[in-house]
Amino acid sequence: MKKRGWICGCLMALALLMSGCGMPDQDGSPDVPPEEDTLEIGITFDSFVIERWQRDRDVFVAAAQELGADVNVQNANGSLEEQERQIEYFIKKKVDAIVVVQVADDSGNLSNAVEAAHRAGIPVIAYDRQIMNAGADLYISFDNEAVGRLMGEHMMEHLGGQGQILQICGPLADNNVPQVMEGFEQAISDSELSVELTEHADNWHAETGFSVTSSYLGARETPDGIMCGNDSIAGQAIRALSEHRLAGGVCVVGQDADLDACQRIVEGTQCMTVYKPVEKLARRAAELAVKLARGDELEVERRISDGSGMIPYECLQPVAVTKENMDEIITGKYHEASDIYLNIKKEKSQ
C-alpha cells in the first residue's frame, strides 16, 4: 500500500510539472500564447529577365521587413495565367496586401484577380505597371510621359532638331509604353525630327532591337537616332550598329540605367538613358503597402484613371543620364565606378 501511494504521488507531481510547461502542438511547437501576428505581403513580378526588377525586389523586401512585414515573392516568368494563380495563392494564404508587377501580355488583364482579392478584403497595389479596369487600391510608378520627353529632348539637342529616327518600343500591352511614346512625340513635335519606323518588342524581348535595327540598316539609310523602349533593347540595337561599324555614330537612347547601358554611355556607343530611382520607388511602395495592410488611410493626393474609375496614384520623377552627369547621378549611388568604367580608363575630372 505504501509503495502504491508513493507511485501515485510521483504521478501527480509529474502532472503538475507538465502543466507548467507548454505542450507541443501537432507541429511540435510549444502551446504558448501566440505573439501579435506579423503582417505578410505578397508580391508577384512579371519576371526577372529585366535587370531592374531584381533591384526592385531586394529593396522592397528589405524596406518591408524594416517596417515589420514579411514578404512572399513570386515570379510569374512572363505568364499572365501563372500570375493569376499566384494571386489566388496569396488570397488563400490570407496575406494582408498584394503587390503586382503585371505581366505585359495583351491576352487579358488581372481585373478578375484583383476583384477576388477585394472580395477577400485584401488591398492590391499596381507596381510600376497599371492594372487596367481593376480598381486597384494604389498605382505607384514613375512619370512615364516624362521618360519619353527626356528621351525626345536629348535627341532634339544631340541632333540639332532634325533627322530620321527608328523607334523600337516595348509591347503595347504594357500600359507604360504608350505613355512613353506620347511623351517622346510631345518633345519632338515642333522639330524636324521624324519617326520613320516604329516597332514593338513583344514581351520586352531585347533581341527585337537587333533584328529590327539590322533589317532597317539593310533596307534604308542609316537613321540619325534610335529611340529604344529600354536599355536591353538599346544594347541589341547597338550590337547591330556595331556589325555595320556604326556604333557611336547614331544617337541611341533607352531607359532603366542598366549597368551595361552606363558602360556604353561612358564608352560612347549609347547617348543617354533615363534613370528611374527604383530604390525610392520600391521603398515608397513598401511603406504604402504596409499602411494598406494595417488598414491605414493613404495620404496620396493624385488620382489617375484605370479605365473604370479614378484610383490613388503615387508618381516619382525620372532623370536623364549622359556621360556628362554620370558621376553626379549614378556613380557610387546606383552602380560603382569600377563597374561603370570597367572597359575604359576613367577620364580625369580635373
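Above: the structure in question.
We now turn to the structure provided with this report. Every value quoted in this text rests on a predicted model; they were computed, and no experiment measured them.

About the thresholds
Residues numbered from 1 in each chain as written. Predicted model: local features only at pLDDT ≥ 70, side-chain atom pairs only at ≥ 80, totals over all residues. Heavy atoms only, no water. Helix = DSSP H or I, 4+ residues; strand = E, 2+ residues; numbered from the N terminus. Buried < 20%, exposed > 50% of the residue type's maximum accessible area, 1.4 Å probe, protein only. Contact = heavy atoms within 4.5 Å. Areas by Shrake-Rupley, 256 points an atom, 1.4 Å probe, with all protein chains shown as cover. Pairing = 2+ DSSP bridges. Axes fitted to C-alpha atoms, helices over the stretch in contact; angles between N-to-C directions. Phe/Tyr/Trp six-rings, centres within 6.5 Å; stacked < 30°, edge-to-face > 60°. Core = buried A, V, L, I, M, F, W, Y, C linked by side-chain atoms within 4.5 Å. Salt bridge = Lys/Arg side-chain N within 4 Å of Asp/Glu carboxyl O. Lys, Arg positive; Asp, Glu negative; His and termini not counted. Polar contact = N/O pair within 3.5 Å; in protein donor to acceptor, adjacent residues only side chain to side chain. Right-handed = clockwise from strand over helix to strand, strands pointing away. 1 Å grid on protein atoms, 1.4 Å probe; cavity = no way out; pocket = protein on both sides within 12 Å on 5 of 7 lines; lining within 4 Å. Points joined across faces, edges and corners; volume = space filled by probe spheres on them. Nonpolar A, V, L, I, M, F, W, Y, C, P; charged D, E, K, R; others polar.

## Details of the overall build of the protein
Right, on to step 1. Looking only at helices and strands, the protein features twelve helices and 13 strands.
Right, on to step 2. Going through the 350 residues of the protein one by one, you find that 50% of them count as buried.
Right, on to step 3. The long-range fraction of contacts in the protein, counting pairs at least 24 apart against all pairs at least 6 apart in sequence, stands at 73%.
Right, on to step 4. With the model as given, the accessible surface of the protein reaches about 17,600 Å², and the carbon-plus-sulfur share is 47%.

## Things to note about the sheet that holds strand β4 (residues 124-127)
Right, on to step 1. Ordered by their spatial adjacency, seven strands build an open sheet running β2-β1-β3-β4-β5-β12-β11, and the pairing between neighbours is mixed. The strands lining the two open edges of the sheet, one partner per strand, are β2 (69-75) and β11 (303-305). Pairwise comparison of adjacent strand axes, ignoring direction, gives a mean angle of 30° for this sheet.
Right, on to step 2. Across the sheet, helix α10 (residues 278-294) touches β1 (39-45), β2, β3 (97-100), β4, β5 (138-142) and β12 (310-316), and the angle it forms with β5 is around 170°.

## Thoughts on the packing of aromatic side chains
Two measures describe an aromatic ring pair: the distance that separates the ring centres and the angle between the ring planes.
Right, on to step 1. For the structure on display, the rule yields five aromatic pairs.
Right, on to step 2. Here F45 and F48 contribute two aromatic rings whose centre-to-centre distance is 5.0 Å and whose plane-to-plane angle is 45°, an arrangement assigned as tilted. No difference in accessibility class separates F45 from F48, as the two residues are buried.
Right, on to step 3. Put simply, the rings of F45, F48 and W53 pair up and form one aromatic cluster.

## Here's the deal with the nonpolar core
Right, on to step 1. Within the largest apolar cluster, 83 residues are counted, with the highest numbers of intra-cluster contacts made by F60, Y127, M151, I226, M227, M326 and I330.
Right, on to step 2. Residue contributions to this core peak at ten residues, all from α10.
Right, on to step 3. Core analysis: the second largest hydrophobic core is formed by 24 residues, L80, V114, A117 and C315 among them.

## Quick look at the pattern of salt bridges
Right, on to step 1. Tallied over the full model, the rule gives 15 salt bridges.
Right, on to step 2. When the shortest N-O distance is used, the salt bridge between R57 and D58 registers 2.9 Å.
Right, on to step 3. Put simply, D260 and R264 hold a salt bridge, and the shortest N to O gap is 3.7 Å. Remark: R264 and D260 occur in helix α9 (residues 259-267); sequence separation between them is four residues, near one turn of the helix.

## With respect to unusual backbone geometry
Right, on to step 1. Even without being glycine, W204 reaches a positive phi, approximately 60°.
Right, on to step 2. Counting through the fold element by element, W204 comes out in the loop between β7 (192-200) and α7 (207-219).
Right, on to step 3. The phi angle at D256 is positive, at roughly 115°, despite the residue not being glycine.
Right, on to step 4. Assignment of secondary structure puts D256 in the loop between β9 (251-255) and α9.

## Describing the side chain of D306
Right, on to step 1. As for its placement among the helices and strands, D306 is situated in the loop between β11 and β12.
Right, on to step 2. In this structure D306 is buried but unpaired, with R303 as the nearest side chain of opposite charge at 11 Å.
Right, on to step 3. A polar contact of 2.7 Å, which involves the side chain of D306, links it to the backbone nitrogen of G135.
Right, on to step 4. Among residues more than four places away in sequence, those in contact with D306 are Q130, I131, M132, N133, A134, G135, A136 and I311.

## What to know about the pairing of β2
Right, on to step 1. Two strands pair when backbone bridges link them, and β1 and β2 are joined in this way by seven bridges, in the parallel orientation. Residue E40 lies in a different strand from β2, and its bridge partner there is D70.
Right, on to step 2. For the crossover that starts at β1, traverses helix α2 (residues 51-66) and ends in the parallel β2, the hand is right-handed.

## Regarding the side chain of T213
Right, on to step 1. Checked against the element boundaries, T213 lands in helix α7.
Right, on to step 2. T213 sits in the buried class, given a relative accessible area of 1%.
Right, on to step 3. Once residues lying within four places of it in the same chain are set aside, the contact partners of T213 are L166, I168, I226, A237, A240 and L241.

## Focus on the layout of surface pockets
Right, on to step 1. Computed from the structure, the largest pocket encloses a volume of approximately 260 Å³.
Right, on to step 2. Lining of the largest pocket is provided by 14 residues; of these, S47, V49, N203, W204 and H205 occupy positions nearest its centre.
Right, on to step 3. The residue makeup of the lining of the largest pocket, split by class, is five nonpolar, seven polar and two charged.

## Topic: α9
Because an α-helix completes one turn every 3.6 residues, residues spaced three or four positions apart along the sequence face the same direction.
Right, on to step 1. Of all the residues in α9, the buried ones are A261, C262, Q263, R264, I265 and V266.
Right, on to step 2. Turning to α9, the residues buried within the fold contact α8 (231-243), β10 (272-275), β13 (319-321), α11 (326-329) and α12 (337-340).
Right, on to step 3. G268 sits one or two residues past α9 and shows a positive phi near 100°.

## Digging into empty space enclosed by the protein
Right, on to step 1. What the rule picks out here adds up to two cavities of 30 Å³ or more.
Right, on to step 2. Roughly 180 Å³ of volume is contained in the largest cavity.
Right, on to step 3. As for the largest cavity, its lining consists of 20 residues, of which D174, W204, G229, Q255 and K276 are closest to the centre.
Right, on to step 4. Among the secondary structure elements, those contributing two or more residues to the lining of the largest cavity are α2 and α6 (176-188).
Right, on to step 5. Of the residues forming the lining of the largest cavity, the biggest block, four residues, is contributed by α6.
Right, on to step 6. Here the residues of the lining of the largest cavity sort into eight nonpolar, six polar and six charged.
Right, on to step 7. Of the voids in this model, the second largest cavity is the one considered here, and its volume is about 30 Å³.
Right, on to step 8. The wall of the second largest cavity is formed by Q102, V103, A104, R129, Q130, A173, D174 and N175.

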